[in-house]
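Single-letter residue listing:
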Amino acid sequence: MNNLNQADRVLVIASARDLVDMIKEGAGGNLEVTYAANQKEGLEKARKDLPAIIVLGYLEPQGTAFQLHRKLQEGWITKNIPLLIVDLQSDDSRPVLSMEEGLQMEADEYLALRRGDGQVSLTRLAEPIARLREKLHTRLKTTANIVREAILDPNTFCVTWEQVPGRGAFEMQQEELVENARRAARKGKIHAVSVTDNPGGNPAISTEILCTEVRKLGIEPLVHLAFRDKNRNECESILYGLAGLGVRNLLLLTGDYPSSGGFKGRSKPVFDLDSVHGLQLVQMMNNGMEHEAMGKKTTLAPTDFFAGTSVSPFKQSEAELMGQYFKLKKKIESGADFVITQLGYDARKLHEVLTWLKVHGYSTPVMSNIYVLPLGAAKIMNTNQIPGCVVTDKLLEEVAQEAKAPDRGRSARLTRAAKMYAVAKGMGCAGAHIGGHGLTYEAVEEIIGKGEEMAKDWRTLVAQFDYPQRDGFYYFERDPQTGLNLETPAARPSRGSRTPIYEFSRLAHVTLFNPKSVVFKGFRPVARRLDSSSTLESAFGFFEHLTKVALFGCMNCGDCSLFDVAFLCPMSQCPKNQRNGPCGGSYEGWCEVHTDKKCVWVRAYERLKKHKEEEEIGDNCVPPCNWELMGTPSWLNFYLGRDHSAKRLGIQPPQEKAKPAESDKAKEAKETKKAA
């Protein structure tokens, strides 16, 4: 029997401490065991420490253990903690539960151990200890995050199966989703069922509700959390709810732009956070988030989320691709536990992600996105009607030929998916994220089976996934022997672009917004004076906004990100308000939403490239917009240390002049007057 993980904690609640020794012995010595001697102490420790398992023994007076069991099972904090009742019996001992109590309760596990002569003798209890050890392992296994273990274990190839919920509460699509999850749980070949969040920007039944139901079926859910429709408060609320219900695996995404299929038309896009911000939020929650209420700082109980994100290596232009990797750097530094690639069929592009991580010293696991591609979906993706999904003309032609077969290409597309599985496993991916419209469990099982068989010969399959885009840019030089990548970065041919507005903005920034400049130091007291008068502030804000609208299309958010995006406004010029890098939806450099305009981050890259400063895109994680500053002059906010740029540069708000100390004589006169 293997030892338990050191991270596992067990809380023993019993009047007699001798049960603690048995638990430690049964665990093999690799278990953190805490002890509580009564009901009150046991409840406090269970709620505060959140142990992996609670062992309940006899408590004085008789019946207390029964009462405590009820409280633990009904409590919001403790209801999901497995409970093991250990009845350590001797000739003169009382049982933990009476027969009547035992009939009333639904214990997770019950174990009766016999001891002789009223004393615990570990040497005489070898068999009971072995039974106890088995029970502990069984219960603790139910608390383990199978997805985390599979993705992080280099000897396991994790498989997740993507499900797409539809609109409505009682439709067959939801019934089929739940049935798929039930079959996956029974068969045991899939580690998690993944549920998308309003796919395509269309309204659908909520992923968090479905994922809590999936978990009840005995399989781990992977919740897609897209920031398209939710502000930061709602995101935090959803995460609290998921943590409370034991749903731990997340895929944090920017999300598709809202479709026109919402109630009475297109819904208002939110995009209050991006995926970088979401990862930062989850990391804070996992560490125990601090917040202030009623002037008192409180630290919340830590959560246990395992959070992943996406990256799109299947980009055509240099600016697009470099933007993806700059943003991936920020995602990893913000706490991404794993990465799932966007959809594409170019093996070299997939290998590029693994090579980039290795070259930059990151060990973040990567899962390959494998979509079983029928002709209809291939046509839609080929014309970029599903943003971010790349199907080249060459691949479309092959799928069209396969569709002429008697089975309409079913066998060919399942075989392609199995080959992708084999290539992904062979090149070092941590797993496969399998999806496809109407995909049955039998089809997924077939992909896994064939993929495992072909994995040993994966190198011979690489040439079958050679689908370069027209004039496509690759981050690394091609390896002529394998058809994949060397670890040598490729030349970056883009020369960048120079625009008068950008050059003027750079000069103005050095002059006006450099904390070390004479102009900055001289204007600080003026800024304070303007800020102290609502009339002066309003007049100054009107002038500033007029200027910035003319130059940058400013929307007057007050927490300006022009410095971060090469003097392009991400709030007005990016429909998704991306402040940390591009989303995955651009196509050959053009915006996913405004298809007649270049992606704002592509333009930023080209501006910075001209000055050899493009690497700066990946340097700073820009916080979400502080909406408290909305409508206020951003220049004053910068000079007075209120916006994110000022805080990053260490600009402090001007100090209030200290009032002269009150003399003892003045204090005495004030007290006398008050008394009179």
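The paragraphs below set out a description of the structure included in this document. (Residues numbered from 1 in each chain as written. Predicted model: local features only at pLDDT ≥ 70, side-chain atom pairs only at ≥ 80, totals over all residues. Heavy atoms only, no water.)

Thoughts on unusual backbone geometry
Line of reasoning, step 1. For the peptide bond that leads from Glu60 to Pro61, omega is -10°, which places it in the cis range.
Line of reasoning, step 2. Here Pro61 is to be found in the loop between strand E3 (53–56) and helix H3 (64–74).
Line of reasoning, step 3. The phi torsion at Asn198 lies on the positive side, around 45°, for a residue other than glycine.
Line of reasoning, step 4. By secondary structure assignment, the location of Asn198 is in the loop between strand E7 (192–195) and helix H8 (207–216).
Line of reasoning, step 5. Given the relative accessible area of 16%, Asn198 is considered buried.
Line of reasoning, step 6. Although it is not a glycine, Phe567 adopts a positive phi angle of roughly 60°.
Line of reasoning, step 7. Relative to the assigned elements, Phe567 resides in the loop between helix H19 (534–552) and helix H20 (600–610).
Line of reasoning, step 8. Note on Phe567: relative accessible area 11%, which makes it buried. (Helix = DSSP H or I, 4+ residues; strand = E, 2+ residues; numbered from the N terminus. Buried < 20%, exposed > 50% of the residue type's maximum accessible area, 1.4 Å probe, protein only.)

Regarding a nonpolar patch on the surface
Line of reasoning, step 1. A contiguous nonpolar surface patch, about 370 Å² in accessible area, is contributed by Leu50, Trp76, Ile77 and Leu245.
Line of reasoning, step 2. Here Ile77 shows up in the loop between H3 and strand E4 (83–89).
Line of reasoning, step 3. Looking at Ile77, the relative accessible area reads 43%, which means it is partly exposed. (Patch = residues over 30% accessible without salt bridge, like charges linked within 9 Å, V, L, I, M, F, W, Y side chains within 5 Å. Areas by Shrake-Rupley, 256 points an atom, 1.4 Å probe, with all protein chains shown as cover. Salt bridge = Lys/Arg side-chain N within 4 Å of Asp/Glu carboxyl O.)

Quick look at the side chain of His277
Line of reasoning, step 1. Counting through the fold element by element, His277 comes out in helix H10 (residues 275–287).
Line of reasoning, step 2. By relative accessible area, which is 5% here, His277 ends up buried.
Line of reasoning, step 3. The residues contacting His277, other than those within four sequence positions of it, are Asn580, Val622, Pro623 and Pro624. (Contact = heavy atoms within 4.5 Å.)

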